[in-house]
Amino acid sequence: MGNEPLKVLGLAGEYHASSKSGMLVNAALNLAKSQGAEVVFWDLSEQPLPLVGEEGCWTHPNVQAFQALLSECDAFFLSSPEYHGTMSGVMKNTMDWMYDKHVGGKVFGLMSTLGGVTNSNTLNHMRIALRWLHGWPVPEQLAVGHVKEAFDEDGHLVDDSLKQRLESLVNSVLKAAEKLRA
Ligand SMILES: Cc1cc2nc3c(=O)[nH]c(=O)nc-3n(C[C@H](O)[C@H](O)[C@H](O)COP(=O)(O)O)c2cc1C
């Protein structure tokens with residue numbers, strides 16, 4: 001890594017850090033931290049983002065703080081639950097507060113949690129939205145199906161192959177962010 005640590009933001013498409021998406025993002029952030037990154041988790045239960053378009057949203061202090069933080073960060077981990085075959089409304093609304101000027105040319109690591117069988121729908125849909133933001137999602141990605149059984153009591157992934165996929169996702173994001181920052 002360069003002199004300054006990479007600053008990495010984690011975003012979950014659910015309101016609580018204790019949600020499965022929150023746990024997955026925080027697992028990624030912990031790995032990034034162990035490699036020297038400065039990490040931040042945006043907790044929507046403490047700082048909710050208004051719906052884009054609702055009364056007062058454009059000058060909402062949480063939106064201003066969120067967009068300032070986006071601008072400061074070098075890379076992002078996003079994890080959304082799959083709802084009806086796509087990302088949650090919470091994740092889409094969070095992405096709707098991002099613009100090219102905040103995240104363009106920056107690296108993204110994408111993750112998704114599913115109640116049912118693993119698939120890549122949500123990951124693909126997030127990837128498409130990021131194209132409009134000029135974001136650079138790395139090729140590695142992680143979908144965790146049957147997510148109710150995926151974590152142990154300490155919040156660690158149970159399955160070794162999922163752990164390895166998470167590690168390679170985090171490594172890829174940090175490596176790419178380091179290169180793009182240079
Ligand atoms: C409205 C709604 C729609 C859902 N649609 C799907 C779905 O299409 N496929 C699936 O596997 N799970 C579906 N689920 C289950 C969620 O994906 C699962 O509960 C979630 O990933 C758990 O993560 P969380 O704790 O971060 O919400 C749905 C859940 C809700 C509430």
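For the structure, check the block above.
Throughout what follows, the structure given in this document is the object of discussion. What you see as residue numbers is a count from 1 along each chain, following the sequence as written. Owing to the predicted nature of the model, reporting of local features is limited to residues with pLDDT of at least 70; listing and counting of side-chain atom pairs is limited to 80 or more, with chain, interface and lining totals taken over all residues.

1. Details of the pairing of strand β3 (residues 75-83)
So, point 1. Burial is judged by counting other C-beta atoms within 10 Å of a residue's own C-beta: 20 or more means buried, 12 or fewer means exposed, and anything between counts as partly exposed, with every C-beta placed from the backbone. Per the convention used, a helix needs a DSSP run of H or I reaching at least four residues, while a strand needs a run of E reaching at least two, with both numbered from the N terminus. In terms of burial, β3 is largely enclosed, as eight of its nine residues are buried.
So, point 2. A pair of strands counts as paired when DSSP detects no fewer than two bridges linking them. In terms of strand pairing, strand β1 (residues 7-12) meets β3 through five bridges, oriented parallel. Paired with Val 8 across the strands is Ala 75, a residue of β3.
So, point 3. In the sheet, β3 pairs with strand β5 (residues 107-113) via seven bridges, with the strands oriented parallel. Residue pairing in the sheet places Phe 77 in a bridge with Gly 109 of β5.
So, point 4. As paired elements, β3 and strand β4 (residues 86-87) share two bridges and run antiparallel to each other. Within β4, the position partnered with Glu 82 by the bridge is Met 87.
So, point 5. Linking two consecutive strands that pair antiparallel, namely β3 and β4, is a turn of two residues; a positive phi of about 50° is found at His 84 within it.

2. Structural notes on unusual backbone geometry
So, point 1. The phi dihedral of His 84 is positive, around 50°, even though this residue is not glycine.
So, point 2. Assessed through the 8 C-beta atoms surrounding it within 10 Å, His 84 is described here as exposed.

Just distances and angles here, no functional claims.
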